[in-house]
Amino acid sequence: MGSLFDIRLVFEYFPLIFSRFPITLLIVVVAIGAGLVLGLFIALVRMRKVLLLNQFAILYVSFVRGTPIIVQLFIIYYGFPLLLEQVGIDITQWEKIYFVLVTYGLNNAAFMSEIIRSAISSVPDGQREAAYSVGLSRWQALRRVILPQAFLNAFPVFGTRVVNTFESTSLAFTLGILDMVGQAQAIGSRTYHELEGYVVLAIIFIAISMILEKLFVHAEKRFIQQRR
Amino acid sequence: MVFDFHYVITSFITAVHYIPVTLALSLIPLFIGIVFGTLIAVCRKFRIRFIAPLADIIIPVVKGIPLVLHLFIMNFLILKPFDLLAQYYAWADVIRFMDKVYIAIIAISIYAVIIISETMRSALMSVSEGQYEACYSVGLTRWQALRRVVLPQVFPVAIPVLGNNLIGLIKGSSVVYLITVVDVMNGALTTAQINYRFLEAYIAAALIYWGICLLTERLFAVWENHMKKYQLGSAKNNLRQEVL
Amino acid sequence: MIELKNVHKAFGKNTVLKGINLKVNKGEVVVILGPSGSGKTTLLRCINFLESADDGELIIGDTKVDFKNATSKEILAVRRRTAMVFQNYNLFNNMNAIENVMEGLVTGRKMPIGRAREIAKQALDKVGLKDKYEAYPLQLSGGQQQRVGIARAIALNPDVILFDEPTSALDPELVGEVLSVMQAVAKEGITMIVVTHEMSFAMDIAQHIIFMADGNIVEEGSPKDIFTNPKEKRTKQFLERILPRWNYSI
Ligand SMILES: Nc1ncnc2c1ncn2[C@@H]1O[C@H](COP(=O)(O)OP(=O)(O)OP(=O)(O)O)[C@@H](O)[C@H]1O
Ligand SMILES: [Mg+2]
């Protein structure tokens, strides 16, 4: 095994590891997409205090926020098939990546719902009243007046959420999928040169999260601030 | 295999014994993070020579590294040199098998320092420049201003965020099972290694983490209220005196 | 006695003070007037080293400081001989009124707490806040806060107190209480440099008036000279704009 660190291996491993980036991207995109839709649903349930669903939503959000995502990953992995079996759906043949996607989607929904909730409540009551006064329905008021403003308010927090989601994908490999981290691990255990793989990962994670941050700051300056 | 709550309890009872490990893995880094994170934030605020520009470069970069990578890299950096040494010296073996908890604490602490320095930086920004100027105008030095006026106003603002940081560390510390440290997560799994009841084990772990996090949230909320009360303390006391 | 010689200050390319010379005798009340942006605030802040001037000299009592290479020790020494009353009060939010007043004495000057408390009480009594020792800034009105600010300054027994528009953040009905406290302070023979837009107050309180424009002292003299018989065109314009009635009523 010899030397601890060989810089040439960093260049050698980089393409191997980065080629798995699409998997990471897939997780992030699905997590954010599902998170937004489900999160909006949860937020509405909680704001309208829908009976039973509201209580369930409170419990759900608290659980997701209070437990590690690794634990959630494995609970979904072992528990989801059992649950669906009850209704006669067999998913035991699913590939692991699907469980990862489900977990990250559900996880994000909880966090998104909190963001959406505080964003909506940050829109002054007068806006809703004004919307009703010109004859919009409740749903129309939400869609045409409240949500667009809430979106502007929530944008910076939303950006942070995306970056956090990206960073949390570093744990998806624990389920055994071959994303970037999984690939680095595999290379490491094959060659005993783990450090070079970790360095590649660190570079990629640093670069992407910085790019994402810059992107959101830029977008905020460009599109959001001038509209407020 | 059917879900059996009985096994959740078995796992739960085993895992509970490792709560101190999980707490050590999060509270020690929290403490180190508050000390050094505050120091870094203050150095950046006061533009201390060398340290401030250095921190300006390092913090945003290191912030991008996920906790699990910190852990892997630290694990490698501390253990591998001893692997090499162990081929020549027997004593290195002793260190080689040093408790990995220490490696985990070091890795999580580095992560905590970075995160908390950002928390403290934005909390520092909540104190207006006028407060510093008023201090200087009555003849306080920078450090006196910091200690007597600025930090007492910063901490009440920072506490809720520090609470979130701690919850993040508690949850994040579960990654240490990857380097075989036995914490709540790994403790719950020890029973599953025997009876293959993995779902039940993970649910047991989840319940414990959930409990710890809820408790942390409550404690920090109480602490925050206490701090706020202390700030406006006398008014409420006067009120009480008048009522009595 | 406090003296400024040839003070220069620029923010980037914007030269704000262009060689200010100023002499204030002990016990004198000097009022600085001038249009917005003329550099009044900057001048005060330079005296207290809240802003570091680029060039010039400050003599205060027997200490002489060169702005260009002032050491942090000298800066602290100057700050401990001066005090400032801010436009937006800047009371320490984490301390009640009496702690605010004591802070400079106890932490800055290492005075024993007991004595500091006595001095702080006297200062607060002087500004009419005998019953507000324990009140926190958020529980006080603007006028009361500014009076605590003045008490904080006089408690230090400084060589000079600098006032930067102490009443301009106040509701009109609260201005009077602060001005009358300032008048009382002036009567005690404390040296004061006051930036204000309250013209009748300036007329009343000042022994010497300085008119600034564009970073220069354009004209100075007794209140009577400046208000009734200004020599410079700039001064006339300013007074006409700010006091249209003055010209007719006097
Ligand atoms: N910190 C700063 N950075 C850059 N420019 C500044 C700063 N402070 C003041 N200036 C500039 O210096 C000039 C003088 O400002 P200053 O506040 O001293 O004026 P002023 O006479 O007090 O005006 P006002 O009556 O409005 O308070 C202005 O052009 C202002 O824009
Ligand atoms: Mg001003």
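An unreviewed UniProt entry annotates chain C as Amino acid ABC transporter ATP-binding protein (PAAT family) of Pectinatus cerevisiiphilus. Of the comments in the UniProt record for chain C, the one headed Subcellular location (unreviewed entry) reads "Cell membrane".

In the annotation of an unreviewed UniProt entry, chain A is listed under the name L-cystine transport system permease protein and assigned to Pectinatus cerevisiiphilus. UniProt lists a comment for chain A under the heading Subcellular location (unreviewed entry), and it reads "Cell membrane". Listed under Sequence similarities (unreviewed entry) in UniProt, the entry text for chain A is "Belongs to the binding-protein-dependent transport system permease family."

A. Seen up close, the nonpolar core. Counting residues in hydrophobic clusters, the biggest one holds 229 residues, and the most contacted among them are A:Ile17, A:Val100, A:Tyr104, C:Leu124, C:Ile150, C:Met182 and C:Met192. In terms of domain composition, this core takes at least three residues from each of domain 1 (1-20 + 178-228) and domain 2 (24-169) of chain A. When sequence neighbours within four positions are dropped, the list of residues in contact with A:Ile17 reads A:Met180, A:Gln183, A:Ala184, A:Ile187, A:Gly197, A:Val200, A:Leu201 and A:Ile204. Among the nonpolar cores identified, the runner-up in size contains 8 residues, and A:Ala57, A:Val61, A:Ala109 and A:Phe111 belong to it.

B. The arrangement of the UniProt feature "transmembrane region" (unreviewed entry) in chain A in detail. Residues and elements named next belong to chain A. Within the UniProt annotation, "transmembrane region" (unreviewed entry) is assigned to residues 20-45, 57-80 and 198-217. For residues 20-45, the helix share is 96%, the strand share is 0%, and the end-to-end C-alpha distance is 37 Å. The straight-line gap between the two end C-alpha atoms of residues 57-80 is 19 Å; of that span, 92% is helix and 0% is strand.

C. Main features of the UniProt feature "domain: ABC transporter" (unreviewed entry) in chain C. Mapped onto this numbering, the UniProt entry annotates "domain: ABC transporter" (unreviewed entry) at residues 2-239 of chain C. A distance of 27 Å separates the end C-alpha atoms of residues 2-239 of chain C, which is 39% helix and 26% strand.

D. Focus on the site of ligand 1. Residue and element names in this part refer to chain C. The local shell around ligand 1 holds 13 residues, among which Ser 36, Gly 37, Lys 40, Thr 41 and Thr 42 are the closest. Asn 14 places a side-chain nitrogen or oxygen 3.5 Å from an oxygen atom of ligand 1. In this structure, an oxygen atom belonging to ligand 1 sits 2.7 Å away from a side-chain N or O atom of Lys 40. Protein chains bury 60% of the 640 Å² of accessible surface belonging to ligand 1 in isolation. Those elements that provide at least two residues to the shell around ligand 1 are β2 (14-24) and α1 (40-47). In terms of residue count, α1 provides more of the shell around ligand 1 than any other element does, 3 residues in total. Considered class by class, the residues forming the shell around ligand 1 number 3 nonpolar, 8 polar and 2 charged.

E. Fine view of the pattern of salt bridges. Evaluation of the coordinates by the stated rule reveals 22 salt bridges over all chains. A salt bridge links C:Glu103 to B:Arg148, with the nearest nitrogen and oxygen atoms 2.7 Å apart. With one member in each of two chains, C:Glu103 in helix α3 (residues 97-108) and B:Arg148 in helix α8 (residues 142-172) form a pair that bridges those chains. Residue classification places B:Arg148 among the partly exposed residues on the basis of a relative accessible area of 33%. Each of the salt bridges in this network shares a partner with another, and the network as a whole consists of A:Glu213, B:Arg44, B:Arg47, B:Asp56, B:Lys63, B:Glu118 and B:Arg121.

The rules behind these values
- Residues numbered from 1 in each chain as written.
- Chains lettered and ligands numbered in written order.
- Predicted model: local features only at pLDDT ≥ 70, side-chain atom pairs only at ≥ 80, totals over all residues.
- Heavy atoms only, no water.
- UniProt positions renumbered as here; feature names shortened; annotations may be inferred.
- Core = buried A, V, L, I, M, F, W, Y, C linked by side-chain atoms within 4.5 Å.
- Buried < 20%, exposed > 50% of the residue type's maximum accessible area, 1.4 Å probe, protein only.
- Domains from an automatic or database assignment.
- Contact = heavy atoms within 4.5 Å.
- Helix = DSSP H or I, 4+ residues; strand = E, 2+ residues; numbered from the N terminus.
- Near = heavy atom within 4 Å.
- Polar contact = N/O pair within 3.5 Å; in protein donor to acceptor, adjacent residues only side chain to side chain.
- Areas by Shrake-Rupley, 256 points an atom, 1.4 Å probe, with all protein chains shown as cover.
- Nonpolar A, V, L, I, M, F, W, Y, C, P; charged D, E, K, R; others polar.
- Salt bridge = Lys/Arg side-chain N within 4 Å of Asp/Glu carboxyl O.

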